[in-house]
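Analysis of the macromolecular model
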Amino acid sequence: MIRAEIYRIQRGWTFWSLLGVAIFLNVLAAYGTQSQMGHVEFATTALNRSATQQLIGLGFGASLCSMIFGAVIITRDFGNLSIGRDALLARGPVRLLGMRALASGAPMLSFGLAGAGSVLVVAALALPRTGASLDLGGHGWTILVGVVGSVVLAGYFGQLVAWQSRRSLWTVAGLVAWTLLIEPRLITLVSSVGRFLPGGATQGMLMDTSSITNILTPASAYIVYIGWLALLSVFAVHRLRSTDLR
Amino acid sequence: MTVLPTIELRSVGKRYGATTALETVELSIEPGECVGLLGPNGAGKSTLLGVLCGIIRPSDGEARVYGQTPGVLTEPGATLGFALDPAGLHGELRVREHLRTEVLAQGLPAGSVAEAILKFGLDAYADRKIRTLSTGQRQRVALAGVLIGDPAVLVLDEPTNGLDIEAVQWLRQIILGRTAQGLTTIVSSHNIAELRRVATRMVVMRTQVLYDGPVPVGSDDEVEQWYTLFVGVSRRRDEVVL
């Protein structure tokens, strides 16, 4: 069954088109940010690292596409009623939840690597034009790993939300509104609480202090985000055990 | 040694808020039977089939397929196949890809895909996306997918909807062939004449089982009158109670 899930997830346009959009938007954001940077005559190590971190941190933009992908691979099966057959072959909806999480590991990782890789390439190519150069020293690697981690975890966040909501349009609209509008405001307005939200934890993973300064440490941020996923998994299992599949 | 019935429903009830879809349904189906399920719209036929397939949770009672809970069968592909809605397929997949997922999910040999394409007459549209197919073509694809592993029990909900005469005849041969092999089939339909051609037993229901017995004999008109009277009497009885 797991092979069937992996085979099916990678068929169709959803995965490849969202991956393409994620790369395109990341490249656009990184180039846009680089073009705002002034030219320097003598780049110091600190300046190189700062410019590199500024650009690679933008890789987390792929998380929205990863989140949508995670959601859609669940909701579309509720939409076309094929979820019942999938659950039968998986020997129960709860096992299906686990299998789909496993099967989507590789696609989620692809989003993470594409998110990190796209900004890394832009940083390597574009920074020399400003007189600076790519330098992953300092917190560079931590941020790069944070990009991969946050994008992968965002995919699972979308997937677990979708087990609750089950409808494609509302789920995608809700995730976009939450990620782009509601959550950033909550984090800024009540940072002491907001930093524990998934988006706040993402800022911790990326060591991003642009909107709040009291971010979580990277290690705490991973724990908090995984905690959210664990909580959502409990809710998803409860819903699958207590409701019909159609 | 006790032989388990293929399917057993024990006091199954299903409520959606104040609406009762099923009420104390008792049903036992033996291997090799083809049960025709009749009832007016809203009688709970689809709900009953959903309970049998493990995708609808009964509010009361329990369903068993070979003594197991339908949603967690040890060999699901070989035990239970269902086509409850021709739309219940992954529309973004091509026909060949859909069959491939079934083969992978059921652990069948890879060659089963090509065999199924020939056996079920899907070669003309094997590489088309499912969402571009007609209802009848989708129904064929759905059936090919569930029959690819020769399940012991096949559950079909109004399978002739949207099918042309040729496809109906094709489906009839499949069902009769299964019965001849000793496999079990449950078919719901509004088409009494078609059900009489394939069923070995008839069940009439309207939230409860009203009739469970041999396929009625007589002309199509006589059987339709029998059915109308049956459902009508039950409706009037409910109205009196209300």
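Everything below is about the structure shown above.
Residues numbered from 1 in each chain as written. Chains lettered and ligands numbered in written order. Predicted model: local features only at pLDDT ≥ 70, side-chain atom pairs only at ≥ 80, totals over all residues.

Secondary structure assignment for chain A yields twelve helices and zero strands. Its helices and strands in sequence order give chain A the pattern α-α-α-α-α-α-α-α-α-α-α-α, from N to C terminus. Whereas a compact globule of 246 residues would reach a radius of gyration of roughly 18 Å, chain A reaches 19 Å, a difference of no more than 12%. Overall, chain A is about 65 × 40 × 25 Å in size when its C-alpha atoms are taken along their principal axes. (Helix = DSSP H or I, 4+ residues; strand = E, 2+ residues; numbered from the N terminus. Rg over C-alpha atoms; globule rule 2.2 N^0.38 Å.)

The next thing to look at is the overall build of chain B. Helix and strand counts for chain B come out as eight helices and nine strands. Here chain B has a C-alpha radius of gyration of 18 Å; the compact-globule value for 242 residues is 18 Å, and the two agree. Taking the principal axes of the C-alpha coordinates as reference, chain B spans close to 55 × 40 × 40 Å. For chain B, buried positions account for 45% of its 242 residues. (Buried ≥ 20, exposed ≤ 12 C-beta atoms within 10 Å, placed from the backbone.)

What follows deals with the sheet that holds strand S2 (residues 19-29) of chain B. Residues and elements named next belong to chain B. Across the sheet, which stays open at both edges, the three strands sit in the order S2-S1-S4 with antiparallel pairing between neighbours. Only two strands of the sheet have a single neighbouring strand rather than two, namely S2 and strand S4 (60-65). Ignoring strand direction, the axes of neighbouring strands in this sheet form an average angle of 20°. Bridge count between strand S1 (residues 7-16) and S4: five bridges; the pairing is antiparallel. Considered in S4, the bridge of glutamate 8 is made with arginine 64. (Pairing = 2+ DSSP bridges. Axes fitted to C-alpha atoms, helices over the stretch in contact; angles between N-to-C directions.)

All right, on to the nonpolar core then. The nonpolar side chains of soluble globular proteins are, as a tendency, buried together. By size, the foremost hydrophobic cluster in this structure holds 132 residues, and its most contacted members are Ile68, Val119, Ala123 and Val147 of chain A together with Cys53, Val155 and Val187 of chain B. If one sorts the elements of this core by residue count, helix H8 (residues 140-165) of chain A sits on top with 14 residues. (Core = buried A, V, L, I, M, F, W, Y, C linked by C-beta atoms within 7 Å.)

We now examine the interface of chain A and chain B. By convention, interface size is frequently given as the accessible area that disappears when the constituent parts associate. Across the boundary between the two partners, chain A contributes 20 residues, which contact 27 residues of chain B. Of all the secondary-structure elements, those providing two or more residues to the side of chain A that touches chain B are helix H1 (2-9) and helix H5 (83-89) of chain A. With five residues, H5 of chain A is the largest single contributor of residues to the side of chain A that touches chain B. Here the side of chain A that touches chain B is composed, by residue class, of eight nonpolar, five polar and seven charged. (Contact = placed C-beta atoms within 7 Å. Nonpolar A, V, L, I, M, F, W, Y, C, P; charged D, E, K, R; others polar.)

Attention shifts here to the sheet that holds strand S3 (residues 34-38) of chain B. Residue and element names in this part refer to chain B. One open sheet accounts for six strands, arranged S5-S6-S7-S3-S8-S9; its pairing is mixed. The open sheet has two edge strands with one neighbour each: strand S5 (80-83) and strand S9 (208-213). Across this sheet, the average inter-strand angle for adjacent strands is 15°, counted without regard to direction. Sheet strands in contact with helix H6 (residues 165-180) are S3, strand S6 (153-157) and strand S7 (184-188), and its direction is about 145° off that of S7.

All names here are of chain B. Its place among the elements puts leucine 195 in helix H7 (residues 192-198). Expressed as a C-alpha distance, the spacing of leucine 195 and glutamate 102, which sit 93 residues apart in the sequence, is 28 Å. When neighbours within four sequence positions are excluded, leucine 195 is seen to be in contact with Gly36, Leu38, Val187 and Ser189.

Once that is clear, we can look at the packing of H1 of chain A against helix H3 (residues 95-106) of chain B. At a minimum axis separation of 7 Å, H1 of chain A and H3 of chain B run at an interaxial angle of 155°. Judged by the inter-axis angle, H1 of chain A sits roughly antiparallel to H3 of chain B. Across the interface between the two elements, Arg3, Ala4, Tyr7 and Arg8 of chain A from H1 of chain A touch Arg100, Thr101, Leu104 and Ala105 of chain B from H3 of chain B. Class assignment for the residues of the contact of H1 of chain A with H3 of chain B results in four nonpolar, one polar and three charged. (Parallel < 35°, antiparallel > 145°, perpendicular 65-115°, else oblique.)

Residue and element names in this part refer to chain A. Where helix H4 (residues 62-79) meets H8, the closest approach of the two axes is 7 Å, and the angle between their N-to-C directions is 30°. In this structure, the crossing between H4 and H8 has a hand that is right-handed. Every residue of H8 that contacts H4 at Ala62, Ser63, Ser66, Met67, Ile68, Phe69, Gly70, Ala71, Ile74 and Thr75 is listed here: Ser150, Val151, Ala154, Gly155, Tyr156, Phe157, Gly158, Gln159, Val161, Ala162 and Trp163. Here the residues of the contact of H4 with H8 sort into 13 nonpolar, eight polar and no charged. (Left-handed = near helix turned anticlockwise from the far one by under 90°.)

Residue and element names in this part refer to chain B. Judged from the seven bridges that link them, S1 and S2 form a sheet pairing that is antiparallel. By the bridge assignment for S2, arginine 15 is matched with threonine 20. Hairpin connection, S1 to S2: the antiparallel pair is bridged by two residues, and glycine 17 has positive phi, about 65°.

Okay, helix H1 (residues 45-52) of chain B next. Counting buried residues in H1 of chain B gives eight out of eight residues, a clear majority hidden from the surface. Among the residues of H1 of chain B, Lys45, Ser46, Thr47, Leu48, Leu49, Gly50, Val51 and Leu52 of chain B are the ones counted as buried.

Residue and element names in this part refer to chain A. As for its placement among the helices and strands, asparagine 26 is situated in helix H2 (residues 14-36). Of the residues examined, asparagine 26 has 28 C-beta atoms within 10 Å and is grouped as buried. Residues asparagine 26 and glycine 59, 33 residues apart in the sequence, show an inter-C-alpha distance of 5.9 Å. Those residues in contact with asparagine 26 that lie beyond four places of it in its chain are Leu58, Gly59, Gly61, Ala62, Gly115, Ser118 and Val119.

Among all residues save glycine, negative phi is the norm, and among peptide bonds the norm is trans. Look at tyrosine 66 of chain B: it is not a glycine, yet its phi comes out positive at around 50°. Tracing the backbone through its elements, the reader meets tyrosine 66 of chain B in the loop between S4 and helix H2 (76-79).

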